[in-house]
Amino acid sequence: MRYLSTRGYAADQSHSGPTFSEILLAGLAPDGGLYLPESYPRVGQDELDAWRSLPYPVLAFQVLSRFIDDVPADDLLQLLERTYTAEVYCHGRNPAQAADITPLRWLQAPDPVHDEGGLALLELSNGPTLAFKDMAMQLLGQLFEYTLAKRCEEINILGATSGDTGSSAEYAMRGKAGIRVFMLSPHQRMSAFQRAQMYSLTDANIFNIAVRGMFDDAQDIVKAVSNDHAFKARYKIGAVNSINWARVAAQVVYYFKGYFAATGGRNGQNNRLVDFAVPSGNFGNICAGHIARMMGLPIGRLVLATNENDVLDEFFRTGVYRPRATSETFATSSPSMDISKASNFERFVFDLVGRDPAIVRELWAKVDAGGAFDLSGTPFLARLPEFGFVSGASTHADRLTTIRQTCERYGVIVDTHTADALKVAEAWRRTDAPMVVLETALPVKFEETIVEALGRHPERPAALQGIENLPQRVTVLDVDVAAVKRFIESHTG
Ligand SMILES: *Cc1c(COP(=O)(O)O)cnc(C)c1O
């Protein structure tokens, strides 16, 4: 399997494109585009039947070996068996199901006579940081360590976080050979729980830096350090951001797993359609759903849900993609979806415009210049139904109502992001297909809003009780690029 860029790199060269391992540690393609496989591997009915009852790591092997053909099969399977274990994914509502990795929980079972309809949660948040980002990041940790060892190389991962991504990266990379993590966070701006999650890690390769400023200040420092090309090369600075192809690929697997679980009932027909609802920000999660569908998994609709930051909902309703300025981006109670532009969206648009890199270059010339594009007058917009996408948006008031109703009706407490997806999913439910809502975080991560909705605290997984009392290790620095560089210099080599 070779890879190409959405803006043409590799496809327009006489030589063949890079392999999976060659793009694993890379960010953007050299032309500024995003990497995608040259073509999507197709999965037939025979394979779907054979994969139905596989344990998670073996299913992951079947799916991912179609995208990763430059890692020996035995090694890949071993990496996956080390990644997706019951010990790592033990924080769910029902620890007895931990070996399922992503258990499906029916809120409303399909009609038992006709095996129709139904509403379910696919639990993607039972990993160490209680958010779905662990699903991909944990595999990235294994793949990085493996690949770096083969090449006798090292990497220093530098990032900025307001909470979720940073902790997920640290838990995935802790103790890994050849990898150090330098994670910047805004001093005294994260919740006590988030601080405890990150700062209580004592692994020698994890460095928490709290900067006396806001998240944007931390982000700007990361950009400044990465733009110093000499420093970047000398200290082997890398990133684990959401455009990383391996992260998207790892997420394709649970659409298969969720599909099988939702159609495995007594009357389950093999080829029936399942709809998925996805709380979306950077379009990484739902992009994986799109790829699973392109591979031939019988997904009916992909229901994209946003919060008040509705850039993507606007596109799927009108054909206009208008990234917002930071000043136009709202801070909401589903903060991991507070984005102004969707960094993975270019991947879908590439497919939508018939994989024509010239068109993508033209559209993103406008976006990169701070503008917008409009597909409403073009034949491309008419093709949207072919790809199954529909959308909707949700507000803080909607989240409170949904959390309350879900608790009353089904006895389940959901987090704020999952609530956004549940709200939009209700609008698109139909009787002839089950609706699977992806649960992207556990409610304990967003306690404040749960208390606002229900007047009580959500339950905390046993392993995380009292983490606020553990000793913490963090270095506090001023908003000062030179100070961060000095810190990196003195903690490497
Ligand atoms: C990152 C995140 C999302 C958004 O996922 P994308 O892949 O960026 O669309 C949704 N919910 C939670 C809890 C997240 O951490």
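Here, the structure is the one placed above.
A. Region of interest: the overall build of the chain. Summing up its helical and strand segments, the chain has 19 helices and 15 strands in all. Scaling as 2.2 N^0.38, a compact globule of 493 residues should have a C-alpha radius of gyration of about 23 Å, and the chain matches this with 22 Å. For the chain, the proportion of contacts with a sequence separation of at least 24, taken over those separated by at least 6, is 75%. Of the roughly 19,200 Å² of accessible surface on the chain, 49% is carried by carbon and sulfur atoms. A gap of 1 Å separates the mean positions of the 48 positive and 58 negative side-chain charges of the chain.

B. Representation of the site of the ligand within the structure. Among the 15 residues in the neighbourhood of the ligand, the closest are listed as Lys133, Gly281, Asn282, Asn285 and Thr440. Measuring from an oxygen atom of the ligand, one finds a backbone N or O atom of Phe283 at 3.0 Å. Calculation on the ligand without its partners gives an accessible area of 390 Å², and the protein chains cover 96% of this total. Class assignment for the residues of the shell around the ligand results in 5 nonpolar, 8 polar and 2 charged.

C. Molecular detail of the side chain of Gln251. In this structure, Gln251 sits in helix 10 (residues 245-262). Looking at Gln251, its side chain comes within polar contact range of the main-chain oxygen of Gly284, at 3.2 Å. Apart from the residues lying within four places of it in its own chain, the contact partners of Gln251 are Phe132, Ala136, Gly284, Asn285 and Ala288.

D. Structural context of empty space enclosed by the protein. Summed over all chains, the structure comprises 1 cavity of 30 Å³ or more. Considered as a void within the structure, the largest cavity measures approximately 40 Å³ in volume. Looking at the lining of the largest cavity residue by residue, the classes come out as 7 nonpolar, 3 polar and 1 charged.

E. Highlighting the layout of surface pockets. When its volume is computed, the second largest pocket comes out at roughly 420 Å³. Lining the second largest pocket are 18 residues, and of these Gly92, Arg93, Glu459, Arg460 and Pro461 sit closest to its centre. Counted by class, the lining of the second largest pocket contains 9 nonpolar, 4 polar and 5 charged residues.

F. Inspection of the nonpolar core at higher detail. Judged by nonpolar contacts, the single largest core of 109 residues is most densely connected at Tyr255, Phe256, Phe283 and Phe345. No other element matches helix 10, which puts 13 residues into this core. Grouped together as the second largest cluster of nonpolar side chains are 23 residues, Leu107, Val303, Ala305 and Ile403 included.

G. A look at helix 6 (residues 164-173). Of all 10 residues making up helix 6, 9 are buried, and the element is well covered by its neighbours. Among the residues of helix 6, those classed as buried are Asp164, Gly166, Ser167, Ser168, Ala169, Glu170, Tyr171, Ala172 and Met173. Against the buried residues of helix 6 lie helix 5 (133-151), strand 5 (155-160), strand 6 (179-186), helix 7 (192-199) and strand 7 (206-211).

H. Geometry of the packing of aromatic side chains. Counted under the stated rule, the structure contains 29 aromatic pairs. Measuring from centroid to centroid gives 5.5 Å for Tyr254 and Tyr255, while their planes differ by 25°, and the two rings are stacked. Neither residue differs from the other here; Tyr254 and Tyr255 are each classed as buried. Ring centres of Phe283 and Phe389 lie 5.9 Å apart, and the angle between their planes is 20°; on these two criteria the pair is classed as stacked. Highlighted residues: Phe283 in the loop between strand 9 (274-279) and helix 11 (284-294) and Phe389 in strand 13 (residues 389-393), separated in sequence by 106 residues. A relative accessible area of 6% means that Phe389 is categorised as buried. Taken together, the ring pairs connect Phe283, Phe315, Phe316, Tyr321, Phe345, Phe348, Trp364, Phe373, Phe387 and Phe389 into an aromatic cluster. The ring of Tyr40 carries Arg355 above its face, with NZ or CZ at 4.9 Å from the centroid. We note Lys485 situated over the ring of Phe231; from NZ or CZ to the ring centre the distance is 5.5 Å.

I. Quick peek at the pattern of salt bridges. Across all of its chains, the model carries 26 salt bridges by this definition. Between Lys445 and Asp164 there is a salt bridge; the shortest N-O distance is 2.9 Å. A residue pair is termed long-range when its members are at least 10 positions apart, and Lys445 in the loop between strand 14 (435-439) and helix 18 (447-454) and Asp164 in helix 6 qualify at 281 residues. Residue Lys445 shares its accessibility class with Asp164, and that shared class is buried. What you see here is one network of salt bridges that share partners, running through Asp310, Glu314, Arg322, Arg324 and Glu328.

What counts, and at which threshold
Each residue is numbered by its place in its chain's sequence as written, counting from 1. Under the rules for a predicted model, residues below a pLDDT of 70 receive no local features and side-chain atom pairs below 80 are neither given nor counted, while totals for whole chains, interfaces and linings still include all residues. For side-chain calculations, the full set of non-hydrogen atoms in the structure is used, while hydrogens and water are omitted. Note on conventions: DSSP H or I runs of at least 4 residues are helices, E runs of at least 2 residues are strands, and numbering of each starts at the N terminus. Each radius of gyration reported is based on C-alpha atoms, and the globular scaling rule is 2.2 Å times the count of residues to the power 0.38. Any two residues having at least one pair of non-hydrogen atoms within 4.5 Å are treated as being in contact. Here the accessible surface of atoms and residues is derived via Shrake-Rupley with a 1.4 Å probe, and residues count as covered only by protein chains that are part of the display. The sign given to each residue is positive for Lys and Arg and negative for Asp and Glu; His and the chain ends receive no count. The location of each charge is read from NZ of Lys, CZ of Arg, CG of Asp or CD of Glu. For each residue, the test is whether any non-hydrogen atom lies within 4 Å of the molecule or strand; if one does, the residue is near. Within 3.5 Å is the distance limit for a polar contact, defined as a pair of N or O atoms, with the added protein rule that one can donate a hydrogen and the other accept it, and that residues adjacent in sequence qualify only through two side-chain atoms. Only Asp, Glu, Lys and Arg are considered charged, only Ala, Val, Leu, Ile, Met, Phe, Trp, Tyr, Cys and Pro nonpolar, and every remaining residue, Gly among them, polar. Using a grid of 1 Å spacing that covers the protein atoms alone, one calls a set of points a cavity when a 1.4 Å probe fits there but cannot get out, and a pocket when the set is open and has protein on both sides within 12 Å along at least five of seven lines; lining residues are those with an atom within 4 Å of a point. Grid points are joined across faces, edges and corners, and a volume is the space filled by probe spheres set on the points. As used in this record, nonpolar core signifies buried Ala, Val, Leu, Ile, Met, Phe, Trp, Tyr and Cys residues forming a set joined through side-chain atoms within 4.5 Å. To sort residues, take the accessible area from a 1.4 Å probe on protein chains only and compare it with the maximum for the residue type: under 20% means buried, over 50% means exposed, and anything in between is partly exposed. In summary, the pairing rule links any two rings of Phe, Tyr or Trp, Trp by its six-membered ring, whose centres are within 6.5 Å, and it sorts them by plane angle into stacked for under 30 degrees, edge-to-face for over 60 and tilted for everything else. We call a charge positioned over a ring when the NZ of a Lys or the CZ of an Arg lies within 6 Å of the ring centre and within 35 degrees of the ring normal. Whenever Lys or Arg places a side-chain nitrogen within 4 Å of a carboxyl oxygen from Asp or Glu, that contact is recorded as a salt bridge.

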